[in-house]
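# Summary of the model geometry
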Amino acid sequence: MEKYKDLWKWMIIPMVIMQLGIFRDYWGDFSENAWSVHIHYWTGTVWYLFLIIQPYFVTNGQIERHRTNGIIGMFLAGAVCVTAFSMMHRDIANAEASLANPERFGPFEPWFFYGVATVEIVMISAFGFAVIKSILHRHEVDNHAWWLISTVFIIMMPALGRGVQFVVIVLQAQQIPNVEIMSPLYITVAIIIAMLLLGAWKFQTLRHPATYLAVAVNLFNLLLEPLGRSETVQMFLKAAIRG
């Protein structure tokens, strides 16, 4: 338990990085965001806060509070999954809108939104799996803790990716719409994996299954473009995700 004494402080770092990444995308057009976007943003934010306060409670003698919050946290984790899935029709709608009105979307073509929807399915599923594993291993401190910590890195890409993508697009503003939109996501994946491996090294979990899962999910995100361009994938998404 002693090695997790400062874990809550370390968990502030991904929280801040996530918020910086999503800041402009969420707060920049706050009043225009759909209800599902607001709910998902806040459930995700509270989940990150949850992963800060839980290790603080358990390492500062507040075991009962930790356990009670843990029960609430499982409800919260379910909300993160459900709200993420509920937003996926927005990806399909954006894909169709970008096809009908390409000038409005600039460098973002339909394949990008189909690719986003595809990798989000994997991210959300992996997030849910990691949470379930943390429940099953709740009596094993190392396993329980690291399965939960891994969820931060499993679902970070959409938020951080938006921020990095915004910066890159601003730097290439004069070339719009001929802007490279995938390189920011490759940079994002590299940043996330670096943070994950640094954390795994610090807490001696480099060979933990949760570390492998988080790395695998982020490497899968690199396939966003080929998956998004696949007609088979597009047909499946349009058939499965309806408004």
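These numbers come from a predicted model, not from an experiment.

Of all residues in the chain, 99% have pLDDT values of 70 or greater, and the mean over the chain is 93. Between the elements of the chain, mean pLDDT differs from a low of 88, seen in helix H5 (residues 102-105), to a high of 98, seen in helix H10 (residues 209-221).

Looking now at the packing of aromatic side chains. All chains considered together, the criterion is met by 19 aromatic pairs. Taking 5.7 Å as the distance between ring centres and 80 degrees as the angle between the ring planes, the aromatic pair formed by Phe105 and Phe113 counts as edge-to-face. Classification of Phe105 as buried rests on a relative accessible area of 11%. The class of Phe113 is buried, set by a relative accessible area of 9%. Three or more aromatic residues joined by ring pairs form one cluster here, namely Tyr26, Trp27, Phe30, Tyr41 and Trp42.

A few words on the pattern of salt bridges. Applying the stated criterion to the full structure yields 5 salt bridges. For Asp6, the salt bridge is made with Lys9, and the minimal N-O distance between the two is 3.8 Å. Accessibility expressed as a relative area gives 44% for Lys9, which makes it partly exposed. Linking Arg162 and Asp25 is a salt bridge whose minimum nitrogen-to-oxygen distance equals 3.1 Å. With Arg162 in helix H8 (residues 157-171) and Asp25 in helix H1 (residues 7-27), the pair connects residues that are 137 residues apart, well separated along the chain.

Quick look at the environment of Ala216 now. Mapping Ala216 onto the fold places it in helix H10. Residues Ala216 and Ile193 lie 23 residues apart in sequence; the distance between their C-alpha atoms is 9.6 Å.

Each pocket or cavity is described by its volume, and for the largest pocket that value is around 1,700 Å³. Residue lining of the largest pocket: 50 residues in total, with Ile22, Asp25, Arg90, Pro158 and Arg162 positioned closest to the centre. It is H8 that provides the largest number of residues to the lining of the largest pocket, a total of 9 residues. Of the residues contributing to the lining of the largest pocket, the split by class is 30 nonpolar, 11 polar and 9 charged. Approximately 630 Å³ is the volume found for the second largest pocket. Lining the second largest pocket are 23 residues, with Gln54, Val58, His66, Arg138 and His144 sitting closest to its centre.

With that settled, the discussion passes to the side chain of Ser150. Take Ser150: it is sitting in helix H7 (residues 141-154). With relative accessibility at 0%, the residue Ser150 sits in the buried group. Excluding its chain neighbours within four sequence positions, the residues that come into contact with Ser150 are Ala130, Ala210 and Ala214.

Turning to the nonpolar core, a few remarks are in order. Trp47, Phe112, Phe127 and Phe153 are the most contacted members of the largest nonpolar core, which has 74 residues in total. Residues contacting Phe127, with those up to four places away along its chain left out, are Trp47, Ala77, Val80, Cys81, Thr151, Ile154 and Ile155.

Turning our eyes to something else, we now look at unusual backbone geometry. One non-glycine residue, Gln204, adopts positive backbone phi at about 60 degrees. Within the fold, Gln204 resides in the loop between helix H9 (183-202) and H10.

Along the chain, Asn221 falls in helix H10. For the pair Asn221 and Gly61, spaced 160 residues apart in sequence, the C-alpha separation works out to 39 Å. Once you skip the residues sitting within four places of it in the chain, Asn221 turns out to touch Val119, Met123, Met157 and Val189.

Running from N to C, helix H2 (residues 35-59) and helix H3 (residues 63-86) point in directions that differ by 155 degrees, and their axes come no closer than 9 Å. Taken together, H2 and H3 sit at an angle that is classed as roughly antiparallel. For the pair H2 and H3, the crossing hand works out as left-handed. Split into classes, the residues belonging to the contact of H2 with H3 amount to 13 nonpolar, 11 polar and 1 charged.

About the cut-offs
Residues numbered from 1 in each chain as written. Predicted model: local features only at pLDDT ≥ 70, side-chain atom pairs only at ≥ 80, totals over all residues. Heavy atoms only, no water. pLDDT = per-residue confidence, 0-100. Helix = DSSP H or I, 4+ residues; strand = E, 2+ residues; numbered from the N terminus. Phe/Tyr/Trp six-rings, centres within 6.5 Å; stacked < 30°, edge-to-face > 60°. Buried < 20%, exposed > 50% of the residue type's maximum accessible area, 1.4 Å probe, protein only. Salt bridge = Lys/Arg side-chain N within 4 Å of Asp/Glu carboxyl O. 1 Å grid on protein atoms, 1.4 Å probe; cavity = no way out; pocket = protein on both sides within 12 Å on 5 of 7 lines; lining within 4 Å. Points joined across faces, edges and corners; volume = space filled by probe spheres on them. Nonpolar A, V, L, I, M, F, W, Y, C, P; charged D, E, K, R; others polar. Contact = heavy atoms within 4.5 Å. Core = buried A, V, L, I, M, F, W, Y, C linked by side-chain atoms within 4.5 Å. Axes fitted to C-alpha atoms, helices over the stretch in contact; angles between N-to-C directions. Parallel < 35°, antiparallel > 145°, perpendicular 65-115°, else oblique. Left-handed = near helix turned anticlockwise from the far one by under 90°.

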